[in-house]
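Understanding the architecture of this molecule
Residue-level listing of the chains:
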Amino acid sequence: MLKKCLELMQLRAPSIKLELNQASYHAGEKIEGHFQLLGGWKDQNLNRLDCDLVIKNSANDKIVNIKNVLSIFMTKQLKSNEQMKKPFTFRLPEELEPSSGALVYELQTKLVFANEKCAKDDRQVQILA
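Residues numbered from 1 in each chain as written. Predicted model: local features only at pLDDT ≥ 70, side-chain atom pairs only at ≥ 80, totals over all residues. Heavy atoms only, no water.

Examining the sheet that holds strand S1 (residues 15-20)
As summarised here, the arrangement of the three strands in space is S1-S3-S6, forming an open sheet in which the pairing is antiparallel. The open sheet has two edge strands, S1 and strand S6 (83-91), and neither has a second partner. This sheet shows a mean twist of 25° between the axes of neighbouring strands, independent of strand direction. When strand S3 (residues 30-38) meets S6, the two strands line up antiparallel, connected through nine bridges. The residue bridging Lys 30 from the neighbouring strand is Arg 91, located in S6. (Pairing = 2+ DSSP bridges. Helix = DSSP H or I, 4+ residues; strand = E, 2+ residues; numbered from the N terminus. Axes fitted to C-alpha atoms, helices over the stretch in contact; angles between N-to-C directions.)

Structure follows, in structure tokens:
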């Protein structure tokens, strides 16, 4: 109920979104894009930005492997309604199997605030043969 009231008053939590230049890549290829950070209804102190490449078995949604892509420790304040872009570059490992009906790749991003709350974004990436 409180969340609905905040939405009606156009008050929102800070958010993060990973925007990539492409949706599909080959193993070993470089991924480029940026993180889009958007401040919420009040200023927030940022602690960390994490991004992991998560490999899942889509049949049972179980995680097969996790590779840390990026961890940035920071002491920055994200002001109310501020928009910020952070560049993102990552070279995919050479040994990745192509995406399939059973194998799914996701870039999972987490922005951690000083109060240990966080904003998350999951971006699916297709690995081509």
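Some thoughts on the pattern of salt bridges
In the structure shown here, the tally under the stated rule is five salt bridges. A salt bridge links Arg 48 to Asp 50, with the shortest nitrogen-to-oxygen separation between them at 2.6 Å. (Salt bridge = Lys/Arg side-chain N within 4 Å of Asp/Glu carboxyl O.)

Examining the pairing of strand S4 (residues 44-57)
Bridge analysis of S4 against strand S5 (residues 62-78) gives 13 bridges, and the strand direction is antiparallel. Paired with Asp 50 across the strands is Ser 71, a residue of S5. Count of turn residues in the S4/S5 antiparallel hairpin: four residues, of which Asp 61 carries a positive phi of about 60°. Bridge count between S4 and strand S7 (residues 103-113): 11 bridges; the pairing is antiparallel. Of the residues in S7, the one forming a bridge with Asp 50 is Lys 110.

Here's the deal with the environment of Val 125
As for its position among the elements, Val 125 is in strand S8 (residues 118-128). The exposure class assigned to Val 125 is buried, which follows from its relative accessible area of 3%. Measuring from C-alpha to C-alpha, the distance between Val 125 and Leu 107 comes to 7.1 Å, with 18 residues separating the pair along the chain. If we skip the residues at most four places from it in the chain, Val 125 touches Leu 20, Ala 23, Tyr 25, Ile 31, Ser 99, Tyr 105 and Leu 107. (Buried < 20%, exposed > 50% of the residue type's maximum accessible area, 1.4 Å probe, protein only. Contact = heavy atoms within 4.5 Å.)

Points about the side chain of Asp 50
Residue position: Asp 50 is located in strand S4. Classification of Asp 50 by relative accessible area gives buried; the value is 11%. Of the polar contacts made by the side chain of Asp 50, one reaches the side chain of Arg 48; its length is 2.6 Å. Not counting the four nearest positions on each side in its chain, Asp 50 is found in contact with Leu 70, Ser 71, Gln 108, Thr 109 and Lys 110. (Polar contact = N/O pair within 3.5 Å; in protein donor to acceptor, adjacent residues only side chain to side chain.)

Structural notes on the sheet that holds S8
Ordered in space as S2-S8-S7-S4-S5, the five strands form an open sheet in which the pairing is mixed. The open sheet terminates on both sides in strands that have one partner only, identified here as strand S2 (24-26) and S5. In this sheet, neighbouring strand axes are inclined to one another by 25° on average, regardless of whether the strands run parallel or antiparallel. The sheet contact formed by S2 and S8 spans three bridges and is parallel. When the bridges of S8 are listed, Ser 24 appears paired with Gln 126.

The values are spatial; any link to function lies outside them.
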